[in-house]
Amino acid sequence: MTPRTTPAGGSEAESTAAQPVEKTSVAKRATTRAAEAAEAVRKGTAKKVTAKAAGQKKTAAKKAAGKKTEAKKAEVQKPAAKKAAAKKTVAKKAVTKKATAKTTAAKGTAAKSTPAKAAAPKKAAKKIPAQKAAQKKIPAQKAVPKPAPPVEVAVSPALDAVDRDRLLTGTHHAPHSVLGAHPVPGGVAFRAFRPFALSVTVVVGNLRAELHDDGEGFFSGLLPLREVPAGYRLLVAYEGSVQDTEDAYRFLPALGELDLHLIGEGRHEELWRALGAEPMTHQGVTGTRFTVWAPNARGVSLAGTFNFWDGTGYPMRSLGGTGVWELFVPGIGEGELYKFEITRPDGSKTLRADPMARRTEAPPNTSSIVYASQHEWGDAAWLERRGSVPVHEAPFSVYEVHLASWRPGLTYRQLAEQLPAYVKDLGFTHVELMPVAEHPFGGSWGYQVTGFYAPTARLGTPDDFKYLVDALHRAGIGVLMDWVPAHFPRDDWALAEFDGRPLYEHEDPLRSAHPDWGTLEFDFGRREVRNFLVANALYWCEEFHIDGLRVDAVASMLYLDYSREPGQWVPNEHGGRENLDAVAFLQEMNATVYRRVPGVVTIAEESTAWDGVTRPTHVSGPGGFGGLGFGLKWNMGWMHDSLEYMAKEPVHRRYHHNEMTFSMVYAYSENYVLPISHDEVVHGKRSLVSKMPGDWWQQRANHRAYLGFMWAHPGKQLLFMGQEFAQGAEWSEAHGPDWWLLDPAYGAEPDHRGVRDLIRDLNTVYRHTPALWQRDTDPSGFEWVVGDAADDNVFAFLRHDAEGVPLLAVSNMSPVVRDEYRLGVPDDVPAWHEAVNSDAAKYGGGDVTNPDPIKPEPQSWHGRPASIRLTLPPLATVWLRPA
């Protein structure tokens, strides 16, 4: 996009909040006009000017000239003979000259008592650009302006009292019908509404005509033109500045009929291109189109840095019955701050941020910012190959990150220099970013969103965030993002009762209030709201190249009685507790995302046993519902059960053995991710290593053994930052991970570095061993070797890839070494060797290993024809592959 240029010649990038300002002051401009008038009289082609055109306020001189003004009006309507006109012109000149001198004196810049006629050449020379002077072959300082033809400005038809009142109160639905230029009997009527302006002048080509001041910010005039000019400009004089601009009310709507139709149907899949602030060229003029959906509003105006945050003079028009309001503002470009001033049904006003804003101010400021991306992507190779293998049949290990606290103080671009290298070194295939959409309260970690279409400005601009995503892709790392369509906060400048009535939230208080977080739930049954959210999912995937959306709090969306007591919820039309609107929304979102953005995955954080979370939407289950259509689902049951087991002292684990094996009962009911997320290491739950029993050595050993078990278990893996190096403290968004634990100067640094080294090796072996991921959703890819050795605290199972090549995983969750431990194995593997042993010395363990290849013996065991004898290290997991 071409940057907006201010009248002074500066680009928008130089000052995003600057107003177009005339180089000369109002007083100096008045003096210049007086000089030009004198010169025009000398040449016999005097231009009619008034005291208002010189920038003066209403003075006693103007009142004294009342009779002469009446004479002037008579002259305009019935021209007299040339001699009489000349006399009146000379008289008018004297009044103007006197008034101009009085005005400039009042501003402290009065000219000397030199006659205006003598000063005219000098003043005129300053008004003529050197380029034009060169074309005339006259030095710039001596150039004489070409006198403008006289323009008769008559009184235009009076503005209807009802229209006037509606414009003043911000309740006009069609301001373009009364403002701007309109053909009327006798010419073209021009009308502008600019509160606080001193004067408004219409410029048509090289003709200028000052409009009459009708009071209360209205200016009008009737010009003897045959038709409305194709283009004209307004010179709007304020105290100390003059705006030279196109008239916003001369333009046709900049939003097409197809856009409006799709918005009305709730099917606009690129809604962000239709609503919000869109820099563009419209009818040959550059500016920004502002649109907002506010069907209950009595009126909507635009307020921003470009109109001194007073929306009165920038009313928007309503586009039919869609509830959409629109205004194209010429000369406004990227970087301008804005909000919508909405007149509610009760007549009160509210100033709201744009729900579709693609850029916002950094909190605690709340304004929206006009934005146009300049980023050039360099991840084409990544996008081309990312969908080549279905995600559930590919390696998928995720490092969960809270960007603002991973390395506190870093911007998106600074993170791009560090995060990709760190994640790549540890071998993770993806990062998952906790919500990056704009949110007012940092302590919510991004889960209470106010700017659904804007990355948080805390860390930089939207293009800066794109730069980070691009850098991760170029490093071979996928980017998942937490997405929060379940609820939104009640801030009075955001979505809550946006246009004076419930709009984005459900109108029924029992359905709108979220019981857990003090927020509001979306009205999933309203097609425009559903469109807002579906388009938002597409927006992140298409505009920011996000590879997957982890959808937060799905369970709270699915159930009408979620966290509600009897009497606090109303059953659905079938008498059930399922939220049918939310089901339909999730199905539509998933189907649309997978259709439009191949290679992207959606992941549900769903904590119940809802049937068919990852089943296709067109396939019905036992309950009669089609699948929700997600690609993956967080296995919250596995997470809770396994952590409960690991928190027990080893002597008690035999009584809880089933907590580690139960997950295999339902492992293939959905496509699962095994999550150790931020939720498990905050609010008194302790960090992962701190959950483990025993002394420091045992805690780390348990921690390593658990990670080995997790990486071998069917399903994908997710680990929150800080847990990869056994941070002992809970995570805090205020200071992030305890990186100092990895400082070589710290005495226990090897303990923490060893755990991180294990993560690196687990990921490396995992990525190169298809048995661990290729058949994650296929029951034939898993076999228990021994799942009932509760007294030994031992778990052993086989994983198989598509070719049948196995990996043997054995976990000993007791603190004793088990020598010569016999396990049944397939008889077609000639030998096994250790691929990973979490007790290795390099990880901080006791180094009880099996260094030599292990050959099977022809002794049947565990129902298999062959068996091997292993040394099982204490509190450790061992992986063995065919030698």
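Residues numbered from 1 in each chain as written. Predicted model: local features only at pLDDT ≥ 70, side-chain atom pairs only at ≥ 80, totals over all residues. Heavy atoms only, no water.

### Examining the pairing of strand S29 (residues 782–789)
Stated precisely, the cut-off is as follows: For two strands to count as paired, DSSP must find a minimum of two bridges between them. A helix here means a DSSP run of H or I that spans at least four residues, while a strand means a run of E at least two residues long, and both kinds are numbered starting from the N terminus.
One ladder, built from 5 bridges, connects S29 with strand S30 (residues 794–800); its direction is antiparallel. Directly across from Val786, in S30, lies its bridge partner Ala796. With antiparallel pairing between neighbouring strands as the criterion, S29 and S30 make up a hairpin whose turn holds 4 residues, including Asn793 at a positive phi of roughly 60°.

### Side note on the nonpolar core
Note the threshold: Throughout, nonpolar core names a set of buried Ala, Val, Leu, Ile, Met, Phe, Trp, Tyr and Cys residues whose side chains join them through atoms within 4.5 Å. Buried, partly exposed and exposed residues are distinguished by accessible area as a fraction of the type maximum, computed with a 1.4 Å probe on protein chains only: under 20%, between the cut-offs, and over 50%, respectively. Contacts are assigned to residue pairs that have any heavy atoms within 4.5 Å of one another.
Phe290, Leu403, Phe465 and Trp540 are the most contacted members of the largest nonpolar core, which totals 177 residues. By residue number, the principal contributor to this core is helix H14 (residues 527–543), which donates 10 residues. Contact partners of Leu403, with chain neighbours within four places excluded, come to Tyr412, Leu415, Leu419, Leu433, Val436, Leu459, Phe465 and Leu468. With 20 residues, the next largest nonpolar core counts Val794, Ala796, Val825 and Trp832 among its residues.

### Focus on the side chain of His268
For the record, the criterion: Definition of a polar contact: a pair of N or O atoms within 3.5 Å, with one able to donate and the other able to accept a hydrogen when the atoms are protein atoms, and with sequence-neighbouring residues admitted only if both atoms are side-chain atoms.
Tracing the sequence through the fold places His268 in the loop between helix H8 (257–265) and strand S9 (276–282). A distance of 2.7 Å separates the side chain of His268 from the side chain of Asp259, its partner in a polar contact. If we ignore the near neighbours within four places in the chain, the residues touching His268 are Asp259, Leu262, Ile263, Ala274, Asn531 and Ala535.

### Some points on helix H11 (residues 412–426)
In an α-helix, one turn spans 3.6 residues, which is why side chains three or four residues apart end up on the same side. The test is simple: Every helix has an expected span of 1.5 Å times one less than the residues it contains. One fitted axis covers the seven residues ending at a residue, a second covers the seven starting there, and the bend at that residue is the angle between these axes.
Taking 1.5 Å of rise per residue, the 15 residues of H11 would be expected to cover 21 Å, and the 21 Å separating its terminal C-alpha atoms lies within 8% of that figure. At Gln418, H11 is bent by approximately 30°, the largest bend along its length, and proline Pro420 sits one to four residues beyond. Every buried residue of H11 is accounted for by Tyr412, Leu415, Ala416, Leu419, Pro420, Tyr422, Val423 and Leu426. Where H11 is buried, its residues contact strand S17 (397–401), helix H10 (403–406), strand S18 (430–433), strand S20 (451–455), helix H12 (462–474) and helix H22 (749–767). Among the residues trailing H11, Gly427 stands out with phi positive, at a value near 85°.

### Some remarks on empty space enclosed by the protein
Going by this rule: Site definitions follow a grid-based scheme: protein atoms alone, a 1 Å grid, a 1.4 Å probe that fits but cannot get out for cavities, and for pockets an open set with protein on both sides within 12 Å along at least five of seven lines, plus lining residues having an atom within 4 Å of a point. Grid points are joined across faces, edges and corners, and a volume is the space filled by probe spheres set on the points. For this classification, Asp, Glu, Lys and Arg are treated as charged, while Ala, Val, Leu, Ile, Met, Phe, Trp, Tyr, Cys and Pro are nonpolar and the rest, including Gly, are polar.
Counted according to the given criterion, the structure contains 11 cavities of 30 Å³ or more. A volume near 90 Å³ is recorded for the largest cavity. Along its surface, the largest cavity is lined by Arg194, Pro195, Phe196, Tyr238, Gln243, Phe306, Asn307, Phe308, Asp310, Gly313 and Tyr314. Residue classes in the lining of the largest cavity are distributed as 6 nonpolar, 3 polar and 2 charged.

### Here's the deal with the sheet that holds strand S24 (residues 548–551)
Here is the rule: Axes here refer to lines fitted to C-alpha atoms; in helices the fit is confined to the stretch in contact. Angles between the N-to-C directions go from 0 to 180 degrees.
Here we have 8 strands rolled up into a closed barrel, ordered S17-S18-S21-S24-S25-S26-S27-S28, and parallel in their pairing. Ignoring which end each strand starts from, the neighbouring axes of this sheet average 25° apart. Along the sheet, helix H21 (residues 696–712) makes contact with S17, strand S27 (672–676) and strand S28 (716–720), crossing S28 at roughly 145°.

### A word on helix H16 (residues 580–596)
Taking 1.5 Å of rise per residue, the 17 residues of H16 would be expected to cover 24 Å, and the 24 Å separating its terminal C-alpha atoms lies within 8% of that figure. The complete set of buried residues in H16 reads Ala582, Val583, Phe585, Leu586, Gln587, Met589, Asn590, Thr592 and Val593. Where H16 begins, the side chain of Asn579 points an oxygen toward the backbone nitrogen of Asp581, at a separation of 3.2 Å.

### Thoughts on the pattern of salt bridges
Under the convention used in this document: Salt bridges are identified by distance alone: a Lys or Arg side-chain nitrogen within 4 Å of an Asp or Glu carboxyl oxygen.
For the structure shown, the criterion picks out 41 salt bridges. In this structure, Glu588 engages Arg530 in a salt bridge whose closest nitrogen and oxygen atoms are separated by 3.0 Å. Separated by 58 residues along the polypeptide, Glu588 in helix H16 and Arg530 in helix H14 bring together distant segments of the chain.

### Brief notes about the packing of aromatic side chains
Selection criterion: Working definition: a ring pair exists when centres of Phe, Tyr or Trp rings (six-membered ring for Trp) sit within 6.5 Å. Plane angles under 30 degrees give stacked, over 60 give edge-to-face, the rest tilted. Look at NZ for Lys and CZ for Arg. If either is within 6 Å of the ring centre and within 35 degrees of the ring normal, a charge sits over the ring.
Taken as a whole and assessed by the stated rule, the structure comprises 48 aromatic pairs. On the basis of an interplanar angle of 15° and a centroid distance of 4.3 Å, the ring pair of Phe193 and Phe218 is categorised as stacked. Placement of Phe193 in strand S2 (residues 187–193) and of Phe218 in strand S6 (residues 218–223) is noted, with a sequence separation of 25 residues between them. With a relative accessible area of 3%, Phe193 lands in the buried category. Overall, the relative accessible area of 1% leaves Phe218 in the buried class. Ring centres of Tyr559 and Trp610 lie 5.5 Å apart, and the angle between their planes is 75°; this geometry places the pair in the edge-to-face category. You can see Tyr559 sitting in the loop between helix H15 (554–558) and H16 and its partner Trp610 sitting in the loop between strand S25 (601–604) and strand S26 (632–634), a full 51 residues away along the chain. Assessed through its relative accessible area of 10%, Tyr559 is described here as buried. When its relative accessible area of 7% is taken as the criterion, Trp610 is described as buried. The ring of Phe251 carries Arg250 above its face, with NZ or CZ at 4.4 Å from the centroid. The ring of Trp634 has Arg550 sitting right over it, with the charged end atom 4.1 Å from the ring centre.

### Some thoughts on the sheet that holds strand S5 (residues 212–215)
Pairing in this open sheet of 4 strands is antiparallel, and the strands run S1-S2-S6-S5 from one edge to the other. Looking at the sheet topology across the chains shown, the edges are occupied by strand S1 (180–184) and S5. When the angles between neighbouring strand axes are averaged without regard to direction, this sheet yields 25°. Across 6 bridges, S2 lies against S6 in antiparallel orientation. Of the residues in S6, the one forming a bridge with Ala189 is Leu222. Contacts from helix H7 (residues 161–169) reach S2, S5 and S6, with the element oriented near 140° to S6.

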